[in-house]
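# Chain and residue survey
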Amino acid sequence: MTAVAPQGSPSPAPSPSGRPAPDAGTSTTGAVGRPSFASILGRVPRAVWPLVAFLVLFAIGGLIRPNLVTVESLIGTATFAIILAIASFGQTIAVIQAGIDLSVPNTIGLSALAFLALVGPLGPLGAFVAALAAGAVIGFFNGAVIAKLGLTPIVTTIAMNGLLFGVILLAFNFSELTVTPDFVIAITSAKLSVLGISMPAVLPLGLALMVVLQLVLSFTGWGRSLFVVGAAAETARLAGLPVDRIRITGYMLSGALAAFAGIVIVGYYQQASATMGASYLLSSVAAVVVGGASIFGGRGSVVGTVGGALVLAQVATLVTVLNLGSNIQQLIYGAIILVVISLYGRRRAA
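Residues numbered from 1 in each chain as written. Predicted model: local features only at pLDDT ≥ 70, side-chain atom pairs only at ≥ 80, totals over all residues. Heavy atoms only, no water.

### Focus on the overall build of the protein
What the protein contains, in helices and strands, is 13 helices and two strands. Each of the 350 residues in the protein was classed as buried or not, and the buried ones make up 45%. Once local pairs closer than 6 in sequence are excluded, the contacts in the protein between residues at least 24 apart make up 73%. Of the roughly 17,500 Å² that the protein leaves accessible, carbon and sulfur atoms contribute 69%. (Helix = DSSP H or I, 4+ residues; strand = E, 2+ residues; numbered from the N terminus. Buried < 20%, exposed > 50% of the residue type's maximum accessible area, 1.4 Å probe, protein only. Contact = heavy atoms within 4.5 Å. Areas by Shrake-Rupley, 256 points an atom, 1.4 Å probe, with all protein chains shown as cover.)

### Some thoughts on the layout of surface pockets
Roughly 290 Å³ of volume is contained in the second largest pocket. Residue lining of the second largest pocket: 17 residues in total, with F80, Y269, M276, S279 and Y280 positioned closest to the centre. Only α3 (71-96), α10 (243-269), α11 (280-290) and α13 (326-349) provide two or more residues apiece to the lining of the second largest pocket. The biggest single contributor to the lining of the second largest pocket is α13, with four residues. (1 Å grid on protein atoms, 1.4 Å probe; cavity = no way out; pocket = protein on both sides within 12 Å on 5 of 7 lines; lining within 4 Å. Points joined across faces, edges and corners; volume = space filled by probe spheres on them.)

### Here we look at the environment of A316
For A316, the location among the structural elements is in helix α12 (residues 302-321). A relative accessible area of 9% places A316 in the buried class. Linking A316 and F80, residues 236 residues apart in sequence, is a C-alpha distance of 9.4 Å. Not counting residues within four places of it along the chain, the set of residues in contact with A316 comprises F80, Q329 and Y333.

### A short note on the packing of aromatic side chains
Aromatic rings considered in pairs are described by the distance between their centres and by the relative angle of their planes. According to the stated counting rule, one finds five aromatic pairs in the structure shown. With centroids separated by 5.0 Å and ring planes inclined at 85 degrees, the aromatic side chains of Y268 and Y269 adopt a geometry described as edge-to-face. The partly exposed category is assigned to Y268, whose relative accessible area is 26%. For Y269, a relative accessible area of 38% gives the class partly exposed. Clustering of aromatic rings is evident, with ring pairs tying together F128, F183 and F260. (Phe/Tyr/Trp six-rings, centres within 6.5 Å; stacked < 30°, edge-to-face > 60°.)

### A look at a nonpolar patch on the surface
Among the surface-exposed residues, V48, W49, V52, V56, I60, I64, L322, L324, I328 and L331 lie close enough to one another that they form a single nonpolar patch of about 810 Å² accessible area. Broken down by secondary-structure element, the contributors of at least two residues to the nonpolar patch are α2 (48-64) and α13. Counting residues per element, the nonpolar patch draws most heavily on α2, which supplies six residues. (Patch = residues over 30% accessible without salt bridge, like charges linked within 9 Å, V, L, I, M, F, W, Y side chains within 5 Å. Salt bridge = Lys/Arg side-chain N within 4 Å of Asp/Glu carboxyl O.)

### Re the packing of helix α7 (residues 202-219) against α12
Direction vectors running N to C along α7 and α12 enclose 140 degrees, while the axes themselves pass 8 Å from each other. Here α12 runs oblique to α7, going by the angle between their axes. Across the interface between the two elements, M210, L213, Q214 and L217 of α7 pack against V302, V303 and V306 of α12. Of the residues that constitute the contact of α7 with α12, the class distribution is six nonpolar, one polar and no charged. (Axes fitted to C-alpha atoms, helices over the stretch in contact; angles between N-to-C directions. Parallel < 35°, antiparallel > 145°, perpendicular 65-115°, else oblique. Nonpolar A, V, L, I, M, F, W, Y, C, P; charged D, E, K, R; others polar.)

### With respect to the nonpolar core
Counting 82 residues, the largest nonpolar core has I86, F89, I108, F115, L209 and Y280 as the members making the most contacts within it. Excluding anything up to four places from it in sequence, I108 contacts A87, A258, A261, G262, I265, M276, G277 and Y280. (Core = buried A, V, L, I, M, F, W, Y, C linked by side-chain atoms within 4.5 Å.)

### Let's talk about unusual backbone geometry
One non-glycine residue, A98, lies in positive phi territory at about 65 degrees. Mapping A98 onto the fold places it in the loop between α3 and α4 (104-149). Exposure remark for A98: the relative accessible area of 34% places this residue in the partly exposed category. Here the phi dihedral of Q270 falls at roughly 55 degrees; this positive angle occurs in a residue that is not glycine. Counting through the fold element by element, Q270 comes out in the loop between α10 and α11.

### Digging into the side chain of S103
With respect to the helices and strands, the residue S103 is situated in the loop between α3 and α4. With a relative accessible area of 0%, S103 lands in the buried category. A polar contact of 3.0 Å, which involves the side chain of S103, links it to the side chain of N142. When residues no more than four places from it in sequence are discounted, the contact partners of S103 are I138, N142, T157, M160, N161 and L164. (Polar contact = N/O pair within 3.5 Å; in protein donor to acceptor, adjacent residues only side chain to side chain.)

What follows is the structure, encoded as structure tokens:
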């Protein structure tokens, strides 16, 4: 005898394979109305995962050497991380719009050296503004070549990086650039006491800059258009967005932020050299991609970049503790970039 489904409860339609399709109210895990573990993880903001990774690495450091798990050690790692994050904020802007800025290292160097050289004739404030303007001009040329001439961001910005290094070698007498203005020291390396904890001023400075930039990206028309251009430039153009102008201003902001990073580095370390920005070529990209930005554009945040910088700072601490050397550190950074990019590539292909 054939069973008849109760009235009002129609039996599910068969699937193309002939088997009954699952009821709409039943999840794939078999639990009605209960979200799966994967769906719960999917709701976690991307910027949280770098912080989780940092805490795991921090705990591993404590297991290797217990005296690393102290407030002083945490402040030291966070200080290194925030300087790296400031150097990576401009890179974040470039990556969000589906670009990359490989001129960051020598934009840092040129702007910092220009700042020190101009303190005498222009005063500290005038030199500060001039250095930021120099970074913005460098970004303008990067953006104009990419947007108007159609050259790829990698070729354009790496060529600019080489050009800037030549300018640095030709234009500056490094023996004369030894005096760091007091106000830069005051906002970077001077010690502050917050809730009884001593920390360098660069830490709250970097966090304040992070908040401002995140608000710009999240709540301004220009910031939101940056994501649209990075995700689908042609669609944005058809929708009437000034794509070229958005790209150029994005690179200008990237250059200005790199210039600001150069001033911060000079103030904190109180020294400058022709190669002072070289270590930020790989690490600035690594901080951005570890922080959850897609190297293909359309996704990223400066909050995530700070998290990525924390991860890299803790990696640097572990490398130092294990006495592996700076070459191994750069190798690890490169491996991290390759792994993250390959994961994003697989997701796009899917």
